[in-house]
Amino acid sequence: MRHLSIHIFVLLLFASWFVSNVVFGAPIKMEDLPYLCDFENDAENANWVLNPQIETIDTTNNKNKWVIGEALAYTGRKSMYVSCDGGQSSAYAATDNVLIAYRDIT
């Protein structure tokens, strides 16, 4: 599970850089890196965009979704994980789909 957390962190770090530099053209300030989120703060969690427009992308196999909840956590009570049952567990369905979760860093 630790390797999955590291891969998610690296993916989020790259996604933040890509969105800031390629999409919007605004550089990330060095003092903003590394960005760490333990998902324990509800106000910070509200800044995350989970599963944008997933219903319009796939209406037949959209059981899996990113959630911020308490079914699985590395430290603390909460984490962000993929779930096929609305966050009750960290189980996921074996379907072909793309899930997106991001947080803008300004």
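Calculation notes
- Note that residues are indexed from 1 along each chain, following the sequence as it is written.
- Totals for whole chains, interfaces and linings use all residues, but because this is a predicted model, local features are given only for residues with pLDDT of at least 70 and pairs of side-chain atoms are given and counted only at 80 or more.
- As a rule here, side-chain values cover all heavy atoms of the structure and leave hydrogens and water aside.
- Salt-bridge detection follows one rule: a side-chain nitrogen of Lys or Arg within 4 Å of a carboxyl oxygen of Asp or Glu.
- Secondary structure is summarised from DSSP: a helix means a run of H or I of at least four residues, a strand means a run of E of at least two, and numbering begins at the N terminus for each.
- Three labels apply to residues, based on accessible area from a 1.4 Å probe with only protein chains included: buried if under 20% of the type maximum, exposed if over 50%, partly exposed otherwise in between.
- Polar contact is the term for a pair of N or O atoms within 3.5 Å; when the atoms are in protein, one must be able to donate a hydrogen and the other to accept it, and sequence-neighboring residues count only if both atoms are side-chain atoms.
- Residues are treated as being in contact if the distance between any of their heavy atoms lies within 4.5 Å.

K.L.:
Sorry, what's going on with the pattern of salt bridges here?
P.N.:
Any two side chains of opposite charge can pair, given that their charged atoms come close. Counting across every chain of the model gives three salt bridges. Among the salt bridges present, the one from K78 reaches D42, with a minimum N-O distance of 2.5 Å. One end of the pair, K78, is in the loop between β2 (65–69) and β3 (79–83); the other, D42, is in helix α2 (residues 42–45), and 36 residues separate them in sequence. K78 sits in the buried class, given a relative accessible area of 13%. D42 gets classed as exposed once you look at its relative accessible area, which sits at 52%. In this structure, E44 engages R103 in a salt bridge whose closest nitrogen and oxygen atoms are separated by 2.6 Å. Of the two residues, E44 sits in helix α2 while R103 sits in strand β4 (residues 101–103), which places them 59 residues apart along the sequence. The burial state of E44 is the same as that of R103; both residues are buried.

K.L.:
Any chance you could explain unusual backbone geometry here in plain terms?
P.N.:
One non-glycine residue, F39, lies in the positive phi region at around 65°. Along the polypeptide, F39 turns up in the loop between α1 (2–23) and α2. Of note in the backbone geometry, N51 takes a positive phi value of approximately 55° without being a glycine. Relative to the helices and strands, N51 is located in the loop between β1 (48–50) and α3 (54–57). Under the relative-accessibility criterion, N51 is labelled buried at 11%.

K.L.:
Would you explain the side chain of K78 in this entry?
P.N.:
Side-chain polar atoms of K78 contact the side chain of D42, separated by 2.5 Å. Non-local contacts of K78, meaning those with residues more than four positions away in its chain, are made with D38, F39, E40, D42, N45, G69, E70, L72 and A73.

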